[in-house]
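# Structural features, examined
One-letter residues, chain by chain:
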Amino acid sequence: MERNQKVKRQPNHRKGANFLSFITFAFTVPTFRQGYRKDLEEDDITEHLAAHDSKSLGNKLEGAWNKELKLNKKPSLYRALLKVFGVEFFFLGILLFFLELVVKIAQPLALSQLITYFTQSQDKELVNKSEALMYAGIIVGASFINVLAGHSYMMCLQHFGMKLRVAFCSLVYRKSLRLSKSVLGGTTIGQMVNLPSNDVNRCDRAVINAHNLWLSPLETVVIVGILYDLLGFTSTVGILFMALFIPLQMYLGKKTSEYRLKTALKTDERVRLMNEIISGIQVIKMYTWEKPFAKLVATARRLVIF
């Protein structure tokens, strides 16, 4: 196959899949069926979705960032991200709100009422049979919705994080091609390589926990209110005990970010060192300097700054 010849791949199985196929992941069946018949090879990889194309994502984010530079004296990357991905991020938050505050809370409440039906005395009926059947249906329905919508939500969230990562990598690549020689002289190769290979990967983790920043306090207030209504003041003791760990978690998070910054700096230095060694590998081999440089690399890998 010639170098410039474009590989023709099969269309992505998710493209054109209906809603039922999407929430049940039935669009993955052809891939598993093909893998069952034979070992999967590179030619079996399907084409990526148009929504994941690095060119289109990079163009959208770059356009939003250029507008941010023109309209604001203090441009913010967060505002540019909200203009491009804000609507999708908002709908994912609404879906998580429904799952956490409606589905997951309704299930234990219905279970408590169902237990009341089986434990209540015969002379005092608290829950009749029709209500018990309704509560049983809520329990089953909530579990069913949580399985279908929960897994689809996580898949959409991972796709959203991947699109952020692809857009950032596209901008970093475009910016690296536009840098002048004077700017490149003060920037190490390790820093440029570390951005798309290491730092940008934090987008996936950040997106997964982003909605919990506003939803967790709200969910805590709702659950504390329900527990106080059912159990009284004693229910708040456990919540207060858990709240005591919040300052500790904030402190640990701050220390983790500091150590993460130091680790990133050391990673940049190690990548720069390896790049210089690879660039001068001919001279190293000619003078048989393999062992000294191997010790230098081993020392750089063990070195940690606290």
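Every value quoted in this text rests on a predicted model; they were computed, and no experiment measured them. (Residues numbered from 1 in each chain as written. Predicted model: local features only at pLDDT ≥ 70, side-chain atom pairs only at ≥ 80, totals over all residues. Heavy atoms only, no water.)

## A word on the overall build of the protein chain
Scanning the protein chain for helices and strands turns up 13 helices and 0 strands. Helices (α) and strands (β) of the protein chain occur, in sequence order from the N terminus, as α-α-α-α-α-α-α-α-α-α-α-α-α. Sequence-distant contacts in the protein chain: of pairs separated by 6 or more residues, those separated by 24 or more amount to 72%. Surface summary for the protein chain: the accessible area is close to 22200 Å², and the carbon and sulfur share equals 65%. (Helix = DSSP H or I, 4+ residues; strand = E, 2+ residues; numbered from the N terminus. Contact = heavy atoms within 4.5 Å. Areas by Shrake-Rupley, 256 points an atom, 1.4 Å probe, with all protein chains shown as cover.)

## Details of the pattern of salt bridges
Summed over the entire model, instances satisfying the criterion amount to 9 salt bridges. The partner of Lys285 in a salt bridge is Glu290, and the shortest N-O contact between them spans 3.2 Å. Exposure remark for Glu290: the relative accessible area of 32% places this residue in the partly exposed category. Each of the salt bridges in this network shares a partner with another, and the network as a whole consists of Glu62, Arg174 and Arg178. (Salt bridge = Lys/Arg side-chain N within 4 Å of Asp/Glu carboxyl O. Buried < 20%, exposed > 50% of the residue type's maximum accessible area, 1.4 Å probe, protein only.)

## Points about the UniProt feature "transmembrane region" (unreviewed entry) in the protein chain
As annotated by UniProt and renumbered to match this structure, "transmembrane region" (unreviewed entry) occupies residues 80–99, 132–154 and 221–246. Between the C-alpha atoms that bound residues 80–99 there is a distance of 28 Å. The span itself is 100% helix and 0% strand. The distance separating the terminal C-alpha atoms of residues 132–154 is 32 Å; by composition the span is 100% helix and 0% strand. (UniProt positions renumbered as here; feature names shortened; annotations may be inferred.)

## Topic: a nonpolar patch on the surface
Where nonpolar side chains cluster on the molecular surface, the patch consists of Phe241, Met242, Leu244, Phe245, Leu248, Tyr251 and Leu252 and spans about 790 Å² of accessible area. Among the elements of the structure, α10 (235–243) and α11 (246–279) are those that each provide at least two residues to the nonpolar patch. No other element matches α11, which puts 3 residues into the nonpolar patch. We classify Leu248 as partly exposed; its relative accessible area is 44%. (Patch = residues over 30% accessible without salt bridge, like charges linked within 9 Å, V, L, I, M, F, W, Y side chains within 5 Å.)

## Regarding the nonpolar core
Within the largest apolar cluster, 30 residues are counted, with the highest numbers of intra-cluster contacts made by Leu61, Phe85 and Leu164. Of all the elements in the fold, those that place two or more residues in this core are α1 (19–23), α3 (54–71), α4 (77–119), α5 (129–178) and α8 (202–210). Take this core: its biggest share by element is 11 residues, from α5. With near-sequence residues (within four places) excluded, Leu164 lies in contact with Leu81, Phe85, Cys203 and Val207. (Core = buried A, V, L, I, M, F, W, Y, C linked by side-chain atoms within 4.5 Å.)

## What to know about the packing of aromatic side chains
Inspection of every chain in the model, using the stated rule, returns 8 aromatic pairs. Ring centres 5.1 Å apart and planes at 80° place the aromatic pair Tyr117 and Phe118 in the edge-to-face group. A residue is classified by how much of its surface remains accessible, and Tyr117, at 25% relative accessible area, is partly exposed. Phe118 gets classed as exposed once you look at its relative accessible area, which sits at 62%. Ring centres of Tyr287 and Trp289 lie 4.9 Å apart, and the angle between their planes is 20°; on these two criteria the pair is classed as stacked. (Phe/Tyr/Trp six-rings, centres within 6.5 Å; stacked < 30°, edge-to-face > 60°.)

## Concerning the packing of α5 against α8
Following both chains from N to C, one finds α5 and α8 inclined at 140°, their axes separated by 8 Å at the closest point. Viewed along their axes, α5 and α8 adopt a mutual orientation that is oblique. Two packed elements cross with a definite hand, and for α5 against α8 that hand is right-handed. Between α5 and α8, the residues in contact are Met154, Leu157, Phe160, Gly161, Met162, Leu164, Arg165 and Phe168 and Cys203, Asp204, Val207 and Ile208, respectively. A breakdown of the residues in the contact of α5 with α8 according to their chemical character gives 9 nonpolar, 1 polar and 2 charged. (Axes fitted to C-alpha atoms, helices over the stretch in contact; angles between N-to-C directions. Parallel < 35°, antiparallel > 145°, perpendicular 65-115°, else oblique. Left-handed = near helix turned anticlockwise from the far one by under 90°. Nonpolar A, V, L, I, M, F, W, Y, C, P; charged D, E, K, R; others polar.)

## Some details on the packing of α4 against helix α9 (residues 212–231)
Contact pair α4 / α9: the axes reach a minimum separation of 11 Å and the direction vectors enclose 20°. Classified by the angle between their axes, α4 and α9 sit roughly parallel to one another. Handedness of the crossing formed by α4 with α9: right-handed. For the pair formed by α4 and α9, the contact residues are Gly93, Leu96, Phe97, Glu100, Leu101, Ile105 and Leu109 on the first element and Asn212, Trp214, Leu215, Leu218, Glu219, Val222, Ile223, Ile226 and Leu230 on the second. Looking at the contact of α4 with α9, its residues break down into 12 nonpolar, 2 polar and 2 charged.

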